[in-house]
Amino acid sequence: MPSVQESAVRLLKAIYDTSQGDMTELVQVSDLLATTGLQEQAARAAASYLRGKGLLTDHQIIGALPLVSLTARGVDEIEEAIRHPNRPTHYLPAVINIL
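In short, a report on the structure. (Residues numbered from 1 in each chain as written. Predicted model: local features only at pLDDT ≥ 70, side-chain atom pairs only at ≥ 80, totals over all residues. Heavy atoms only, no water.)

A closer look at helix α4 (residues 72-83)
Inference 1: Across its 12 residues, α4 extends 16 Å between first and last C-alpha, which sits within 8% of the 16 Å expected from 1.5 Å per residue.
Inference 2: Among the residues making up α4, those that are buried are Gly-74, Val-75, Glu-77, Ile-78 and Ala-81. Along the axis of α4, the buried residues cluster in a sector spanning 165 degrees; they form a single face.
Inference 3: Where the residues of α4 are buried, they touch α1 (4-19) and β3 (65-70). (Helix = DSSP H or I, 4+ residues; strand = E, 2+ residues; numbered from the N terminus. Expected span 1.5 Å × (residues − 1). Buried < 20%, exposed > 50% of the residue type's maximum accessible area, 1.4 Å probe, protein only. Arc of directions from axis to C-beta. Contact = heavy atoms within 4.5 Å.)

Put into structure tokens, the structure is as follows:
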């Protein structure tokens, strides 16, 4: 089972890709389980972690997983991680072996 931070990286990248970095685009976390390879519990923990760090905003919970959107900080974090995969960002570990 991946760590919460590893799961958070996968989830944030999938949300970023799905929304094309658009902070107004709402994304259903449950739709990303297959893409990320995360189980529901890991996705829930990752979403909670990202929300706590201010990288996501919850809009509604449908079932067990939230409907979310990126924050400006979330866009900055994932773009920084993609640009420099060997270096951790402020909130995320180095992504080279995760993405």
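After presenting the structure, the write-up continues.
Quick look at the packing of α1 against α4
Inference 1: α4 packs onto α1 with a crossing angle of 105 degrees between their chain directions and a minimal axis gap of 10 Å. Put simply, α1 runs roughly perpendicular to α4. The residues of α4 that touch α1, namely those facing Val-9, Leu-12, Lys-13 and Tyr-16, are Gly-74, Val-75, Ile-78, Glu-79 and Ile-82. (Axes fitted to C-alpha atoms, helices over the stretch in contact; angles between N-to-C directions. Parallel < 35°, antiparallel > 145°, perpendicular 65-115°, else oblique.)

Points about the environment of Pro-88
Inference 1: For Pro-88, the position within the fold is in the segment after α4.
Inference 2: With 11 residues separating them in the primary sequence, Pro-88 and Glu-77 have C-alpha atoms 9.6 Å apart.
Inference 3: Dropping the residues within four chain positions of it, Pro-88 is found in contact with Pro-93 and Ala-94.

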